[in-house]
Amino acid sequence: MISWRKHYKKTLIAIGLLLSTSASFYGQDGDPKNGEKLFKANCTACHALDKQVVGPPLKGVVERVKTEGGVDKDWLHKWIKDNKALRASGDKYANEIFEKFNKTEMQVFPNLTDKDIDDILAFTTNPPAPEPAKADDKTTSTTGATAAPADKTTTNVVIISLLAIAGLLVWILIKLRQLVTLGQSEELAGLNETRVRSFSEMYEKFHFIGKGLLAVLAILAAYGVWNWLMWIGVYKGYKPEQPIYFSHKIHAGEQKIDCQLCHSSAKYGKVSEIPSMNVCMNCHRTISEYNADHYMEPGKDKAFYDGEIQKIYAATGWDPAKQQYTGKTQPVEWTRIHNMPDFVYFNHSQHVIAGEQAIINSFNKKNPNNKIDVVCKACHGKIDTMNVVQMANDFTMGWCIECHRTTEVDMNNGYNKEYFKNLHDKLKKQYPQDGGKITVDAIGGLECGKCHY
Ligand code: HEC
Ligand code: HEC
Ligand code: HEC
Ligand code: HEC
Ligand code: HEC
Ligand code: HEC
C-alpha cells in the first residue's frame, strides 16, 4: 500500500514536471491548441489557412510577412490588435496590403492579449493535420429552452394514461378470477346463494368496470381534442424549407457572425427584417465555396453547399468568373416563419434595446443550465445551433404575458430612467410585497391596448 502511494506521488511529480516544461515551452512560442480555438472564434469569418477568403491565407504568415514586407512578429501584433491605428500611423506595408485587398477593412481586436496573438501565430505556423469533418452533434436538434419540457409533458401524459389503462385491465382480470373462484366455491355459493346466482347477475354487479373503462377512454379522447383545439394557430416547431439552404448554425454558430449584422433593423423598430442579398454579397463576393474542413451537416457535402452559394450569385446577377454584375437579378422568396396576426403589436426594439438586460438576466435566472448571451435567444431559442430555423416557442398571448409577469424591469437602463423618473418610487409603495421588484406587468405590460391595435 505504502509503496503504491510512493509510486503514485512520483508519477504525480513526473506529470507535474512534464506539464510545467511544456508550459514554459508554450510560454515562449505560443500554444497552437489555444491558438486554433482563438482563430476559429475570431478569424475564420474572413481567413482560412491555405486559401484566400475575405483576407489572405494565414498559414505561415509569420514567414511570409518577413519576406514580403520585411516586418516581424511585433508588426503582426500591432496589425492584429488594431490594423486601423497601424495604417493611420503611416506604416508602409500595412497600407500596401490594405490597398491590395481593395481597402477591405479588417476588424480590430483590442481584446486579444499578446499571448493570445502568439498562440494564434503558433497555430498558423504549425497547424495540426486537418481532422475529418466532425459529425453533427446533438445540439442541432435542441430548439429553445422551453421546447423540451412541453414535449416531455405530452409524453408523460401519454405514458401515464397507458399505465392507467394497463392497471385497469389487470384489475379487471383479478376481479374476473375472483368471480370465477367465487362461482366455483360451494360454501360461498351456499352462503350467498341469493347474490351470486348467474352471469347476468354478475354483470349487474360489475358492469361499472366496463363503463369505467369507457369513461377513461372518453376522457382521453376529450383531452386529445382539447389539445388539438389549443394548438390551432400555434406553430411551435414550424420549420419550412427555404429557397437557399442558409444555415444559422454555420453563420451565427460556427462563424460567430452577430445576429444584428444581418437583422440590423431589430434595434430600430417594429420588425427585424430578413437581410437583403447585398448583405450576403459583402462576404460572398469573395466566399464562393464552402470550406468543408470544420463543419459538415450529416447528409450534406461540399458540392451541396457550393451550389447553395451559387444561388446568391444567380439572385444578384453576379458573374464570379468576370467579377462583375450582369444586371440580371431574380428575387429570393424566403418563407416567413414568425408572423403575428394583424391585430397584434409587437415591437423588437422594446425588447432588444429597452428590455435587453432585463430579459437576459431573467432568462438566465430561470435557466441556470441553459444560459443565453444574446437577447434574441430568449424568444427565438438557440438559433445559432439550428441549420434550419424553427419556431422555438409557441408565440401565443399566454407566452407574452407569462414573460411580462415574471421579468423584472431594469429600471436603471437609460430608456426607463428617462421615461419613468418618478414611477419607481411610486411602484415600490404600490407593490411593497414584491420588495420593490418591478415586473413588466407593473409598467403596463398586461394592458390590452399595449399589444392590440
Ligand atoms: C472582417 C474580416 C476579417 C477578420 C474577422 C479578420 N481579418 Fe485579418 N485581414 C482581413 C483583410 C481584408 C486583410 C487584408 C488587408 C486589408 O484589406 O486590410 C487581412 C489581413 C490580415 C493579416 C495580414 C496578412 C498579410 O499577408 O500581410 C493578418 C496577419 C491578419 N489579417 C490576421 C488576422 C487574425 C489573426 C484574425 C483573427 C484574430 C483576423 N485577421 C481577422 C480581414 C479580416
Ligand atoms: C449572415 C446573415 C444572418 C445572421 C448572422 C443571422 N441571420 Fe437570422 N436569418 C437570415 C436569413 C437569410 C434568414 C431567412 C432564411 C431562414 O429562415 O433561414 C433568417 C431568418 C431568421 C429568423 C426567422 C425569420 C422568420 O421568417 O420569421 C429568425 C428568428 C432569425 N433569423 C434570428 C436570428 C438570430 C437570433 C441570429 C443570431 C443568433 C441570426 N438570425 C443571425 C440571416 C442571418
Ligand atoms: C459576415 C460574412 C457573411 C455574410 C454576411 C453571409 N455569409 Fe454566408 N457564409 C459566410 C462564411 C464564412 C461561410 C462559411 C465558409 C466556410 O466555412 O468555408 C458561409 C457559408 C454560406 C453558405 C454555405 C453553408 C450554408 O449555410 O448552407 C451559404 C449557402 C451561405 N453562406 C449563404 C449566405 C446568404 C444567403 C447570406 C445572406 C443572407 C450570407 N450567406 C451572408 C460568411 C457570410
Ligand atoms: C421578446 C421576444 C423577442 C426577442 C427578444 C426577439 N424577437 Fe424576433 N420576433 C419575436 C416575435 C414575437 C416575432 C414575430 C413578429 C411579427 O410577426 O410581427 C419575431 C420575428 C422575428 C423575425 C422575422 C421578421 C419579423 O420581424 O417579423 C426575425 C428575423 C427576428 N424576429 C429576429 C430577431 C433577432 C435578430 C433578435 C435579437 C436581436 C430578436 N428577433 C429578438 C420575438 C422576439
Ligand atoms: C422573454 C420575455 C418577453 C416576452 C416573451 C415578451 N416580452 Fe414584451 N416585454 C418584455 C420586457 C422585459 C419589457 C419591458 C422593456 C422595458 O424595460 O421597457 C417588455 C415590454 C413590452 C411592451 C411595452 C410595454 C410598456 O408598457 O411599455 C409591449 C407592448 C410588449 N412587451 C409586447 C409584447 C408582445 C406582444 C409579446 C408577445 C408576442 C411580448 N411582449 C413578449 C419581455 C418580454
Ligand atoms: C403582452 C401582449 C398582450 C397583451 C397585454 C394582451 N394580448 Fe391579446 N394577444 C396577444 C397576442 C400575441 C395574440 C395572438 C396570439 C396568437 O396568434 O396565437 C393575442 C390574441 C388575442 C385574441 C385573439 C384570440 C386568440 O387567442 O387568438 C384576443 C381576443 C385577445 N388577444 C384579447 C386580449 C385582451 C382582451 C387583452 C387585455 C385583457 C389582451 N388581449 C392583452 C398579446 C397580448
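See above for the structure.
In this report, the structure presented in the accompanying data block is examined. (Residues numbered from 1 in each chain as written. Chains lettered and ligands numbered in written order. Predicted model: local features only at pLDDT ≥ 70, side-chain atom pairs only at ≥ 80, totals over all residues. Heavy atoms only, no water.)

## Let's talk about the site of ligand 1
Okay, step 1: Near ligand 1 you find 24 residues, and of these Cys43, Cys46, His47, Arg64 and Met106 are the closest.
Okay, step 2: Take Tyr93: an N or O atom from its side chain is 3.0 Å from an oxygen atom of ligand 1.
Okay, step 3: The class makeup of the residues in the shell around ligand 1 is 18 nonpolar, five polar and one charged. (Near = heavy atom within 4 Å. Polar contact = N/O pair within 3.5 Å; in protein donor to acceptor, adjacent residues only side chain to side chain. Nonpolar A, V, L, I, M, F, W, Y, C, P; charged D, E, K, R; others polar.)

## Some remarks on the coordination of the iron atom of ligand 5
Okay, step 1: Around the iron atom of ligand 5, the protein contributes the donor atoms His351 (NE2) and His404 (NE2), at 2.0 Å from the metal centre.
Okay, step 2: For the iron atom of ligand 5, the six donor atoms in the first shell make angles of 88 to 179° at the metal, a pattern classed as octahedral. Here the residue His351 occupies a position in helix H14 (residues 348-354), and His404 occupies one in helix H17 (residues 397-406), the gap between them amounting to 53 residues. (Donors = N, O, S within 2.8 Å, 3.2 Å for Na, K, Ca; no water. Tetrahedral: all angles 85-135°; square planar, octahedral: opposite > 155°, others 65-115°. Helix = DSSP H or I, 4+ residues; strand = E, 2+ residues; numbered from the N terminus.)

## Remarks on the site of ligand 5
Okay, step 1: Taken together, 22 residues sit near ligand 5, with His351, Cys400, Cys403, His404 and Lys450 positioned nearest.
Okay, step 2: Within the contact set of ligand 5, a nitrogen atom lies 2.8 Å away from a side-chain nitrogen or oxygen of His351.
Okay, step 3: One of the side-chain N or O atoms of Lys450 is found 2.7 Å from an oxygen atom in ligand 5.
Okay, step 4: Mapped by element, the contributors of at least two residues to the shell around ligand 5 are H14, H17, helix H18 (414-419) and helix H20 (448-451).
Okay, step 5: Ranked by the residues each element gives to the shell around ligand 5, the list is headed by H17, at four residues.
Okay, step 6: Class assignment for the residues of the shell around ligand 5 results in 14 nonpolar, seven polar and one charged.

## Notes on the coordination of the iron atom of ligand 2
Okay, step 1: At the metal site, the iron atom of ligand 2 is ligated by His248 (NE2) and His263 (NE2), and these contacts range over 2.0 Å.
Okay, step 2: Here the iron atom of ligand 2 is ringed by six donor atoms whose angles at the metal span 89 to 179°, and the overall shape comes out octahedral. Taken as a pair, His248 in helix H10 (residues 248-254) and His263 in the loop between helix H11 (259-262) and helix H12 (277-284) lie far apart in primary sequence, 15 residues in all.
Okay, step 3: Judged by relative accessible area, His248 falls into the buried class, the value being 16%.
Okay, step 4: Relative accessible area serves as the criterion here: at 21%, His263 is assigned to the partly exposed category. (Buried < 20%, exposed > 50% of the residue type's maximum accessible area, 1.4 Å probe, protein only.)

## Observations regarding helix H15 (residues 356-366)
Okay, step 1: Considered for burial, the residues of H15 that qualify are Ala358, Ile359, Ile360, Ser362, Phe363 and Asn364.
Okay, step 2: Those residues of H15 that are buried lie in contact with H14, helix H16 (376-380) and H17. (Contact = heavy atoms within 4.5 Å.)

## Comments concerning the nonpolar core
Okay, step 1: Among the nonpolar cores identified, the biggest contains 24 residues, and Phe39, Val65, Trp75, Trp79, Ile80, Leu112 and Leu121 are the most heavily contacted of them.
Okay, step 2: Going through the elements one at a time, helix H2 (32-42), helix H3 (61-69), helix H4 (73-88), helix H5 (92-100) and helix H6 (114-125) are the ones with two or more residues in this core.
Okay, step 3: Judged by nonpolar contacts, the second largest core, of nine residues, contains Ile244, Met277, Ile312 and Trp318. (Core = buried A, V, L, I, M, F, W, Y, C linked by side-chain atoms within 4.5 Å.)

## Section: the pattern of salt bridges
Okay, step 1: One pass over the structure, following the stated rule, counts twelve salt bridges.
Okay, step 2: Of the charged contacts in the structure, one is a salt bridge between Glu289 and Lys302, with a shortest N-O distance of 2.8 Å. With Glu289 in the loop between H12 and helix H13 (302-316) and Lys302 in helix H13, the pair connects residues that are 13 residues apart, well separated along the chain.
Okay, step 3: Residues participating in the shared-partner salt-bridge network are Glu289, Lys302 and Asp306. (Salt bridge = Lys/Arg side-chain N within 4 Å of Asp/Glu carboxyl O.)

## Quick notes on the packing of H2 against H6
Okay, step 1: Packing of H2 against H6 brings their axes to within 7 Å, and their N-to-C directions diverge by 95°. Relative to H6, the element H2 is oriented roughly perpendicular. When H2 is examined against H6, the residues Pro32, Asn34, Gly35, Glu36, Leu38 and Phe39 are found in contact with a partner set consisting of Lys115, Asp116, Asp119, Ile120, Ala122 and Phe123. (Axes fitted to C-alpha atoms, helices over the stretch in contact; angles between N-to-C directions. Parallel < 35°, antiparallel > 145°, perpendicular 65-115°, else oblique.)

## What about the packing of aromatic side chains?
Okay, step 1: Applying the stated criterion across every chain yields a total of eight aromatic pairs.
Okay, step 2: Centroid distance Phe39 to Phe123: 5.3 Å. Interplanar angle 50°. Geometry classified as tilted. Within this pair, whereas Phe39 is found in helix H2, its partner Phe123 is found in helix H6, the two being separated by 84 residues in sequence. The same class applies to Phe39 and to Phe123, which are both buried.
Okay, step 3: Ring geometry for Tyr245 against Phe304: centres 5.4 Å apart, planes inclined by 70°, an arrangement best described as edge-to-face. Here Tyr245, found in the loop between helix H9 (199-230) and H10, pairs with Phe304, found in helix H13; they are 59 residues apart in sequence, far enough to count as distant.
Okay, step 4: Over the face of the ring belonging to Phe98 we find Arg87, whose NZ or CZ atom lies 3.7 Å from the ring centre.
Okay, step 5: Of note, Lys300 hangs over the ring of Tyr245, and the distance from its end group to the ring centre comes to 4.8 Å. (Phe/Tyr/Trp six-rings, centres within 6.5 Å; stacked < 30°, edge-to-face > 60°. Lys NZ or Arg CZ within 6 Å of the ring centre and 35° of its normal.)

## Some remarks on H12
Okay, step 1: Residues of H12 that are buried include every one of Met277, Cys280, Met281 and His284, and no others. Down the axis of H12, the buried side of the element spans an arc of 100°, and every buried residue falls inside it. Residues of H12 that are exposed and angled more than 90 degrees away from the buried face: Asn278 and Asn282.
Okay, step 2: Those residues of H12 that are buried lie in contact with H10, H13, strand S1 (318-319) and strand S2 (324-325). (Arc of directions from axis to C-beta.)

## Points about the environment of Cys280
Okay, step 1: Positionally, Cys280 belongs in helix H12.
Okay, step 2: In sequence terms Cys280 and Tyr313 are 33 residues apart; their C-alpha atoms lie 9.8 Å from each other.

## Overview of the side chain of Asp116
Okay, step 1: As for its placement among the helices and strands, Asp116 is situated in helix H6.
Okay, step 2: One buried charged side chain, Asp116, makes no salt bridge at all; its nearest oppositely charged neighbour is Lys115, positioned 5.8 Å away. (Lys, Arg positive; Asp, Glu negative; His and termini not counted.)

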